[in-house]
Every structure is written in structure tokens, then in C-alpha cells.
Amino acid sequence: MSREGPRLYGLWGEKSRCLLTWHGRVISHTSRAELEYLFPATRVVPIPPGIGPDEHIPVQFVPTRPRRRRTA
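Model, not experiment: these values are computed from the prediction.

1. Quick notes on the pattern of salt bridges
- Considering all chains together, one arrives at one salt bridge under this definition.
- Glu36 is the partner of Arg32 in a salt bridge, and the nearest nitrogen-oxygen pair spans 3.3 Å. Placement of both Arg32 and Glu36 in helix H1 (residues 32-38) is noted, with a separation of four residues, approximately one turn of the helix.
- Look at Arg32 and you get partly exposed, because its relative accessible area is 32%.

So, in C-alpha cells, the structure goes:
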């Protein structure tokens, strides 16, 4: 008997016509409402069950801006 995990949602790219990724992994979240709040101008869709756990990354682990190197 297999146990399903929580429902995952992703961001849909209107121009690319596919789920948005970061380093090849689909950006995901378990709360559709929170994802819609964080990205109000982006369509949120359920992630298909065929995308495995190693193929997505929770949104909290995706950097929002590049980090700068510290210089001595």
C-alpha cells in the first residue's frame, strides 16, 4: 500500500508554457494560497504526480536574489 504525500503546487510560466524551475527542479509549495500570495502575477497549478521528490524544490529553498561575495 502506497501513501501519498501532500498535494504540491507549482508556478506556471505563461511564456514558456511549462512549470517554472530553478536549476532544473520544479519550484513547489504545499499551499496553493500561499504561493498565490507570494507570486500574485503568476498562475499556480497542481504539480502532476509523475514528477518525483527529487525533481522539485520547495520555494523556501529558492533564493530570491543573487548573493554577493564578501570581499576582505
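2. A look at the nonpolar core
- The biggest cluster of nonpolar side chains holds eight residues, and these are Tyr9, Leu11, Ile27, Leu35, Val44, Ile57, Val59 and Val62.
- Beyond its immediate stretch of four places on either side in the chain, Tyr9 contacts Ile27, Ser28, His29, Thr30, Ser31, Arg32, Leu35, Val44, Val45, Pro46 and Ile47.

Rules behind the numbers
Residues numbered from 1 in each chain as written. Predicted model: local features only at pLDDT ≥ 70, side-chain atom pairs only at ≥ 80, totals over all residues. Heavy atoms only, no water. Salt bridge = Lys/Arg side-chain N within 4 Å of Asp/Glu carboxyl O. Helix = DSSP H or I, 4+ residues; strand = E, 2+ residues; numbered from the N terminus. Buried < 20%, exposed > 50% of the residue type's maximum accessible area, 1.4 Å probe, protein only. Core = buried A, V, L, I, M, F, W, Y, C linked by side-chain atoms within 4.5 Å. Contact = heavy atoms within 4.5 Å.

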